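Listed below, chain by chain, are the residues.
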Amino acid sequence: PTKLREYLAAGVPVVSVPVPEAEGISPYVEFAEGQGFVEAVKRRLSPDNRPDPNQISESVREQSWDCRGERLKQMIRDELAMAATRKKVATVDTA
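Reading the values: the criteria
- Residues numbered from 1 in each chain as written.
- Predicted model: local features only at pLDDT ≥ 70, side-chain atom pairs only at ≥ 80, totals over all residues.
- Heavy atoms only, no water.
- Core = buried A, V, L, I, M, F, W, Y, C linked by side-chain atoms within 4.5 Å.
- Buried < 20%, exposed > 50% of the residue type's maximum accessible area, 1.4 Å probe, protein only.
- Contact = heavy atoms within 4.5 Å.
- Helix = DSSP H or I, 4+ residues; strand = E, 2+ residues; numbered from the N terminus.
- Phe/Tyr/Trp six-rings, centres within 6.5 Å; stacked < 30°, edge-to-face > 60°.
- Lys NZ or Arg CZ within 6 Å of the ring centre and 35° of its normal.
- Salt bridge = Lys/Arg side-chain N within 4 Å of Asp/Glu carboxyl O.

Peer 1: Give a description of the nonpolar core that names residues and reports values.
Peer 2: Leu4, Leu8, Val14, Ala22, Ile25, Tyr28, Val29, Ile56 and Val60 together form the largest nonpolar core, which totals nine residues. With sequence-adjacent residues up to four places away left out, isoleucine 56 is seen in contact with Leu8, Gly11, Val12, Pro13, Tyr28 and Pro51.

Peer 1: Explain the side chain of serine 16 residue by residue, including any values.
Peer 2: Topologically, serine 16 is positioned in strand 1 (residues 14-16). Once residues lying within four places of it in the same chain are set aside, the contact partners of serine 16 are Leu4, Val29, Glu30, Phe31, Ala32 and Phe37.

Peer 1: Any details on the packing of aromatic side chains? Residues and values, ideally.
Peer 2: In total, this model carries zero aromatic pairs according to the counting rule given. Above the face of the tryptophan 65 ring, arginine 68 is positioned so that its terminal group lies 5.3 Å from the ring centre.

Peer 1: So what's going on with the pattern of salt bridges? Residues and values would help.
Peer 2: With the rule as written, the count across this model stands at nine salt bridges. One salt bridge connects lysine 3 with glutamate 6, and the closest N-O pair in it is separated by 3.2 Å. Placement of the pair is lysine 3 and glutamate 6 together in helix 1 (residues 2-9), with a separation of three residues, close to one helical turn. A salt bridge links glutamate 30 to arginine 44, with the shortest nitrogen-to-oxygen separation between them at 3.2 Å. Linking glutamate 30 in strand 2 (residues 29-31) with arginine 44 in helix 2 (residues 34-45), this pair joins segments that are 14 residues apart in sequence. Note on accessibility: glutamate 30 and arginine 44 belong to one class, buried. Overlapping salt bridges bring together Glu58, Arg61, Glu62 and Arg71 as one network.

Take a look at the structure:
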C-alpha cells in the first residue's frame with residue numbers, strides 16, 4: 001500500500017489486485033483480477049477515462065507523511081497539555 005499511495009500522490013490512477021489494506025484509500029484505485037485486471041488497466045490508460053491528476057493527488061493528500069506527522073505532533077501536544085493539567089490538579093489537591 002505504500003507504493004500505491006506514492007503513485008496516487010503523483011497523480012497516477014492505480015489498478016491493483018484486491019488487497020484488504022488498500023481498500024478505501026482512494027476512489028482512484030480500481031481492484032481487479034485475472035482478465036478483469038487487463039481490462040481495468042486498458043480503461044485506466046484510455047484518454048477518455050483518465051481522471052485529472054490533481055484530483056488523484058488530492059484524494060490521498062491527508063495520508064501523506066507530512067500530514068500524518070502533523071497529526072502525531074498534535075496528539076503529543078494534546079497529551080502533554082492534559083498531563084500538565086492533571087499535575088496541576090494533583091498539586092492543588094495535595095496542598
